[in-house]
Amino acid sequence: MAEAIQQLVLDTLDKEGTIKDTRTLTLPGHKEPAASHDSQIIILGALNSLSSREMITYTTQETLSHVLTPEGASIALNGSHEARVWAALPVKGDGQPLTPKELEAKIGAEAAKVGQGRAFKSKWIGKEGTGLVKLATSIDDVTQQEMREVDSTGSLKSGEKALAELRKRKLIVQRKGQWFTVSKGSAFSTSTAKPETDLTVDMLTSGAWKNSTFKKYNFEAEGIPTNGGALHPLMKVREEIRNIFLEMGFAEMPTGAFVESGFWCFDSLFVPQQHPAREVQDTFYLSDPSTSLPPPKDYYDRVSKVHEHGGYGSTGYRAPWSEAETRKLLLRTHTTASSAAMLYKLAARCRGEDDDPNNDGLATHSGSTQRNKAEGGVDSTGFRPAKLFSIDRVFRNETMDATHLAEFHQVEGVVADRGLTLADLIGFMRVFFKKMGLENIRFKPAYNPYTEPSLEIFAFHPQLRKWVEVGNSGMFRPEMLEPMGFPKDVHVHGWGIGLERPTMIRYGISNIRTLVGHKVSIEGVEKSPAVRF
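Here's a quick rundown of the structure. This is a predicted model, so every value here is computed, not measured.

Another point: the overall build of the protein. In terms of regular secondary structure, the protein is built from 19 helices and 14 strands. Relative to a compact globule of 533 residues, whose C-alpha radius of gyration would be 24 Å, the protein shows 42 Å and is clearly more extended. Its C-alpha atoms give the protein principal-axis dimensions of roughly 120 × 90 × 40 Å. Across the 533 residues in the protein, those meeting the buried criterion constitute 44%. For the protein, restricting intrachain contacts to residue pairs at least 6 apart in sequence, the fraction spanning at least 24 positions comes to 69%. Total accessible area computed for the protein in this model is approximately 28,500 Å², and 52% of it derives from carbon and sulfur atoms.

All right, on to unusual backbone geometry then. For the bond running from Asp288 to Pro289, omega is -5°, close enough to zero to count as cis. Mapped onto the elements, Pro289 comes out in the loop between helix H11 (262–265) and helix H12 (297–308). The omega angle of the peptide bond from Glu452 to Pro453 is 0°, so this bond is cis rather than trans. Relative to the helices and strands, Pro453 is located in strand E12 (residues 451–461). In this model, Glu54 sits at a positive phi of 60°, which is unusual for a non-glycine residue. Mapped onto the elements, Glu54 comes out in the loop between helix H2 (37–52) and strand E2 (56–68). The partly exposed category is assigned to Glu54, whose relative accessible area is 34%. Look at Lys170: it is not a glycine, yet its phi comes out positive at around 60°. Within the element layout of this structure, Lys170 appears in the loop between helix H8 (160–168) and strand E5 (172–184). For Lys170, a relative accessible area of 63% gives the class exposed.

Take the nonpolar core next. A general feature of soluble globular proteins is that nonpolar side chains tend to end up buried together. Among the nonpolar cores identified, the biggest contains 34 residues, and Leu343, Phe476, Met480, Met484 and Phe486 are the most heavily contacted of them. Within the residue set of this core, elements represented by two or more residues are H11, H12, helix H14 (336–346), strand E9 (386–395), strand E10 (407–418), helix H17 (478–481) and strand E14 (490–498). Broken down by element, this core gets its largest block of residues, six residues, from H14. Other than its neighbours up to four places away in sequence, Phe486 contacts Leu343, Leu346, Ala347, Phe383 and Leu481. Residues Met248, Phe428, Trp495 and Ile497 belong to the second largest nonpolar core, which totals 33 residues.

Taken together, the side chains of Leu199, Leu204, Trp209 and Phe214 present a nonpolar region at the surface, about 390 Å² in accessible area. Structurally, Trp209 is set in the loop between helix H9 (201–206) and helix H10 (233–247). On the accessibility criterion, Trp209 (37% relative accessible area) is partly exposed.

Moving on, we come to H12. Compared with the 16 Å implied by 1.5 Å per residue over twelve residues, the 16 Å span of H12 between its first and last C-alpha is a close match. Buried within H12 are the following residues: Tyr299, Tyr300, Val303, Ser304, Val306 and His307. Each buried residue of H12 lies within a common arc of 165° when the element is viewed along its axis, so the set occupies one face. In this structure, H12 carries Lys297 and Lys305 as exposed residues pointing more than 90 degrees from its buried face. On its buried face, H12 sits against H11, helix H13 (323–327), H14 and H17. At the C-terminal side of H12, Gly310 shows a positive phi close to 95°.

The subject of this paragraph is the environment of Phe263. Within the secondary structure, Phe263 sits in helix H11. Residue class for Phe263 comes out buried when judged on its relative accessible area of 1%. Considering only alpha carbons, one finds Phe263 and Val303, 40 residues apart in sequence, at a separation of 9.2 Å. Aside from chain neighbours lying at most four places away, what touches Phe263 is Ser268, Pro295, Tyr299, Tyr300, Val303 and Thr326.

To continue, consider the packing of helix H1 (residues 2–16) against H2. Remark: H1 packs on H2, axes separated minimally by 9 Å, with the N-to-C direction vectors making an angle of 75°. One finds that H1 runs roughly perpendicular with respect to H2. Every residue of H2 that contacts H1 at Ala2, Ile5, Gln6, Val9 and Leu10 is listed here: Ile42, Ile43, Ala46, Leu47, Ser49 and Leu50. Along the lines of polarity and charge, the residues of the contact of H1 with H2 split into nine nonpolar, two polar and no charged.

Pairs can form between side chains of opposite charge whenever their charged atoms are close. This structure, assessed with the given rule, holds 17 salt bridges. Put simply, Glu252 and Arg238 hold a salt bridge, and the shortest N to O gap is 3.8 Å. Taken together, the residues Glu252 in strand E6 (residues 251–252) and Arg238 in helix H10 connect sequence positions 14 residues apart. Put simply, Arg238, Glu239, Arg242 and Glu252 are held in one network by salt bridges that share partners.

Evaluated as defined, the whole model comprises 23 aromatic pairs. Seen from their ring centres, Phe383 and Phe486 are 6.0 Å apart, and the 75° between their planes marks the pair as edge-to-face. With Phe383 in the loop between helix H15 (368–374) and E9 and Phe486 in the loop between H17 and E14, this pair connects stretches of sequence that are 103 residues apart. Classification of Phe383 as buried rests on a relative accessible area of 1%. Aromatic pair Phe428 and Trp495: ring centres 4.8 Å apart, planes at 50°, arrangement tilted. One end of the pair, Phe428, is in helix H16 (residues 422–435); the other, Trp495, is in strand E14, and 67 residues separate them in sequence. Pair check on accessibility: Phe428 and Trp495 agree, each one buried. Feature note: the residues Phe245, Phe250, Phe389, Phe428, Phe432, Phe433 and Trp495 constitute an aromatic cluster, connected by ring pairs. A cation sits over an aromatic face here: Lys134 above Trp86, 4.1 Å from the ring centre. Here the guanidinium or amino end of Lys328 rests over the ring plane of Tyr285, the centre of that ring lying 5.3 Å away.

Conventions adopted
Residues numbered from 1 in each chain as written. Predicted model: local features only at pLDDT ≥ 70, side-chain atom pairs only at ≥ 80, totals over all residues. Heavy atoms only, no water. Helix = DSSP H or I, 4+ residues; strand = E, 2+ residues; numbered from the N terminus. Rg over C-alpha atoms; globule rule 2.2 N^0.38 Å. Buried < 20%, exposed > 50% of the residue type's maximum accessible area, 1.4 Å probe, protein only. Contact = heavy atoms within 4.5 Å. Areas by Shrake-Rupley, 256 points an atom, 1.4 Å probe, with all protein chains shown as cover. Core = buried A, V, L, I, M, F, W, Y, C linked by side-chain atoms within 4.5 Å. Patch = residues over 30% accessible without salt bridge, like charges linked within 9 Å, V, L, I, M, F, W, Y side chains within 5 Å. Salt bridge = Lys/Arg side-chain N within 4 Å of Asp/Glu carboxyl O. Expected span 1.5 Å × (residues − 1). Arc of directions from axis to C-beta. Axes fitted to C-alpha atoms, helices over the stretch in contact; angles between N-to-C directions. Parallel < 35°, antiparallel > 145°, perpendicular 65-115°, else oblique. Nonpolar A, V, L, I, M, F, W, Y, C, P; charged D, E, K, R; others polar. Phe/Tyr/Trp six-rings, centres within 6.5 Å; stacked < 30°, edge-to-face > 60°. Lys NZ or Arg CZ within 6 Å of the ring centre and 35° of its normal.

Below, the structure is given as structure tokens:
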């Protein structure tokens, strides 16, 4: 069909030199000229194909026309409502008048309702008793005639006023139409053979390229857009939080070890070996390998002693100590395991050790400038203040719901200095969360085995319309710090927040499973806006 229309256009141009109005063309297989909107759309496809080969040029002419609504099409076929009412009634004095209900049963409720009013107005019908009868012996159904005229021409000879009335009655709707004026192009030909788009080896060897017509190369055409990488919303928020830490003078801790021992994940933090968090329903344990290398023996002895017998002002847990429990390998449940290892390295000089002259357990990849900002000077006891942070994945055997996953990201920070108090921690957390754009926060007293006092941190989630826990904080216990070798007056603030929940609040996400997992929209990741707290 497309090639037949192209050939029709070329033959008409060859014969007449120009086509002033494509509505005068008669398409193959049709008897009437192509005056309809649909016919002009078909012709446009042929014109675009010929124009791309520079065989023709054309200009578009716009016009307004009208088409029938379903109700208008019904009137064009069956007559207007008022005409159908008139036709259903008996002549006055010749037959039994019809009641309105009988009329509805005969021609339908819609036609009877609309047609009665217009028929009365035109004095075609009248009342006789409780029924209706014809008053006019014959009528001229102008509405049906107008519908048929609009259907064939798209307009009315009687003018815009009549068209406006029909639009008001919702019998017709206005539609933009188009037609075209066509002229010969620079490469005009009556042949519709398509030009070659590729120069092939066969053409070169046979010489066929000499007599071939090639399609003109379009140097201005845009190529197919390439799909570039896109940062996941979590990574955008992660980078913003990381910048907040760096801006506040923190150094980043190395946290590459997803697998930790029970000692560093729990025991070094003064978490009792009988704590429910260490059960298999809360923690993922490794089966192969299942045990770790031993920790430093002197530190191990101090930790086991404070657990089992007490010390440093504590009575301990007075529970049996199991070395097997200490050596179990597991997927870390919090990045505090890395923080404990870093604090142990920080306390090396306080213990009189100097295995690492620069004490560079502190984020060596972050650069000396960052470390100098994050660490104070070394005092007479060998201690130096430090501000450290990490952002990485942790794993818990959680029941998954709208706000919980078995794998998530934890943002953690620690501040070590002399004389720190709980007021310092609360003040710092308010500043930190304000920089994240979360000013509506609350603190609630809580229990953690390794911090005392402890606080839970809540932020209001506008989509869930409730307060959502976003973090935990507290001051590390002496039972954790002093076995590492810290002096008694050195206190350490510690806190951890999830990365997912601040991201959900920032992006207005109410279900965490649409942020992480198989339900995540790739298009949504690509189009997610940059985040600025």
